[in-house]
Each structure stands twice: as structure tokens, then as C-alpha cells.
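For reference, the chains in residue letters:
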Amino acid sequence: MTAHLPEPTPHPIPSGELRASHDDREAVVEQLRDAAAEGRIDLDELDSRLEQALTAKTYAELAVLTADLPKSPSVAVDNQPPLVLKGGMYGASRGPGRWEVPGHVIAHAGVGGVSLDFTRVECRLAEVVVEAYGETSGVTIVIPDGWVADTTGMDRGFGGLKDRTTPDRFPGTPLIRLTGSGGMAGVVIRHPNKRERRKLDGNAARD
């Protein structure tokens, strides 16, 4: 009887080697043009970097073009009132469809819990503050690959904080600054799981 050797487990592709999209390249082009307008790079260097940006194939190739430049300021109007979600008795959610992201989101889990899903939004803000209170049933926050979270301002409370995000930030993506308290049930922030990724791929194909 022939023994079947286990198939080798595929290694995940480093985020920098992932293929860049037209929108990713355009975001870098805008940042380079802003830097030239501010006098940070001269016109010859702008032309050189623009050519590299427009022909870049991966996130790593784009990242090196803006590594010595400050992050672009928010290009969206950030004068919206905070989005407040209250779980109450039956829960509350925002996403996974497209929705307008303000600069400040407040989530009170209550008894029903709160779910925040940013995976299909288009956010031009440099930073979004998410103030989450786990309370009785917890808050779950899902952010796209390439978005990063700063959780240093979070009080873990009794329920704690589960941060399952990666530290690799893609060009033109916002920082999610997480504050608030874990409360009794805790707060989870993560990237999409396998089931959610399949659904996102299906939505992308239909779009």
C-alpha cells in the first residue's frame, strides 16, 4: 500500500508582493503630485517617480516611492457628526456593504452586540477613530487587508481586546485608531475570514 505524503502547505504571499490595482497606483500618483506642489520633490524627480508609479506591479514597488514623504492628509471632508451605533437588545451593524465612513465612529455593544465591517467602503480619510465599548455582548470590527489599527488607546477591560490585524499598511489606506473599553464581552478587530473573503470575491466579480 502506497503511503500518501501530505501536500505541502502553501506559504502566504507577503503583503508587499501582492499585486497593486489601478486605484492603488492612482493614490500614489496623487501623493507624489501633492509632494511636488509642496516643494518636497522637484519636477525631474516627480516625473521619474510618476513613471515608476504608473508601471508598478506590487505594493512594495509603490511603497518605496513614497517612503520618504509624509502621509497625505485627509482629502475627504471630515466635518461629519460621529456615527453612533447602539447594540441595544437586538444588536446593530454597519456593513459589509458600501457606506460613508466619518472620522469618528462610536459603538456601544449593549446586550445585542455591534458589528462594523469596513471591507467594501471607499475611505479617503487619513485616520478614522473607532470608539468601541464591548459591554455585555462585544464589538467586532472587520477591516480590509492593508489597513492597520492602532490599539494603544484601548482599555481592555474585563473582556479584553483581540487584535488579529497585520502591521503592513498599503498606500492610501486609513489608520483605524481604536479607543474605548473592552467591557465585559471584549472587542475584536481583524481582517476578513475565509468565508468573508469568498463573499467579497463574489461581490467583486459581480461589480
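Residues numbered from 1 in each chain as written. Predicted model: local features only at pLDDT ≥ 70, side-chain atom pairs only at ≥ 80, totals over all residues. Heavy atoms only, no water.

Draft legend 1. Representation of the packing of aromatic side chains. In total, this model carries 3 aromatic pairs according to the counting rule given. Relative to Phe 118, the ring of Trp 99 has its centre 5.1 Å away and its plane inclined at 45 degrees; by these criteria the two rings are tilted. Taken together, the positions of Trp 99 in the loop between β2 (92–94) and β3 (104–108) and Phe 118 in the loop between β4 (114–117) and β5 (127–133) put the pair 19 residues apart, joining distant regions of the chain. Summarising the burial analysis for this pair, Trp 99 and Phe 118 share the class buried. Ring centres 5.8 Å apart and planes at 50 degrees place the aromatic pair Phe 118 and Trp 147 in the tilted group. Taken together, the residues span a long stretch of sequence, with Phe 118 in the loop between β4 and β5 and Trp 147 in the loop between β6 (139–142) and β7 (148–155) at a distance of 29 residues. (Phe/Tyr/Trp six-rings, centres within 6.5 Å; stacked < 30°, edge-to-face > 60°. Helix = DSSP H or I, 4+ residues; strand = E, 2+ residues; numbered from the N terminus. Buried < 20%, exposed > 50% of the residue type's maximum accessible area, 1.4 Å probe, protein only.)

Draft legend 2. Fine view of the pairing of β6. Relative to β6, β4 is paired through 4 bridges, and the arrangement is parallel. Pairing of Leu 116 across the sheet is with Ile 141, part of β6. When β6 meets strand β10 (residues 187–190), the two strands line up parallel, connected through 4 bridges. Across the sheet, Val 139 pairs through a bridge with Val 187, a residue of β10. (Pairing = 2+ DSSP bridges.)

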